[in-house]
Amino acid sequence: MHTSASLTINENASSDVPLDLNDSLDRIAPEGPHYRHDDEGSDDMPAHVKSSLMGASLNVPVRQGQLAMGTWQGLYLNEHRNHGGSRKVCVTIQGQKRSDGRKYQSSRW
């Protein structure tokens, strides 16, 4: 992850949700000349603030080899720069083996 991007779990049923989240974050940390750190442009420091507020890591529940999220939930990779570069996500899975020794069928998400 980059320090100007974030991860979140949020409602994924309405296409208005990411737009409203972005608008809300823009009100909290607007672009402008009022930041000391502006070496990379006027969108850089607001992006760091937004990333800090949203978070750069998540714990995502997995049950029986599947994401165990609510019906309306989705994972968001949020880019807070106006022209951010490519981003990579690192996934670390923690858990325990099934008690019966069998393996879950693999699935792609």
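Residues numbered from 1 in each chain as written. Predicted model: local features only at pLDDT ≥ 70, side-chain atom pairs only at ≥ 80, totals over all residues. Heavy atoms only, no water.

Engineer: Sorry, what's going on with the environment of Leu7 here?
Structural biologist: Locating Leu7 in the fold gives a position in strand β1 (residues 5-11). With relative accessibility at 15%, the residue Leu7 sits in the buried group. Residues Leu7 and Asn78 lie 71 residues apart in sequence; the distance between their C-alpha atoms is 6.0 Å. (Helix = DSSP H or I, 4+ residues; strand = E, 2+ residues; numbered from the N terminus. Buried < 20%, exposed > 50% of the residue type's maximum accessible area, 1.4 Å probe, protein only.)

Engineer: Is there a simple way to think about the side chain of Asn78 in this case?
Structural biologist: Its location among the elements puts Asn78 in strand β4 (residues 73-79). Filtering out sequence-adjacent residues up to four positions away, Asn78 remains in contact with Ser4, Ala5, Ser6, Leu7, Thr8 and Met54. (Contact = heavy atoms within 4.5 Å.)

Engineer: Sorry if this is basic, but what is going on with helix α2 (residues 44-54) here?
Structural biologist: All of the buried residues in α2 are Asp44, Pro46, Ala47, His48, Lys50 and Ser51. In the core, the buried residues of α2 are packed alongside β1 and α1 (16-28). Looking at the residues trailing α2, positive phi occurs at Gly55, about 100 degrees.

Engineer: What's the story with the pattern of salt bridges in this structure? I'm lost.
Structural biologist: Close approach of charged atoms allows side chains with opposite charge to pair. Counting across every chain of the model gives 6 salt bridges. In this structure, the salt-bridge partner of Arg81 is Asp44, at a minimum N-O distance of 3.1 Å. With a gap of 37 residues between them, Arg81 in the segment after β4 and Asp44 in helix α2 connect regions that are remote in the sequence. Considered together, Arg81 and Asp44 belong to a single accessibility category, that of buried residues. A single salt-bridge network, built from bridges that share partners, covers Glu40, Asp43, Asp44 and Arg81. (Salt bridge = Lys/Arg side-chain N within 4 Å of Asp/Glu carboxyl O.)

Read these as geometric descriptors, not functional statements.
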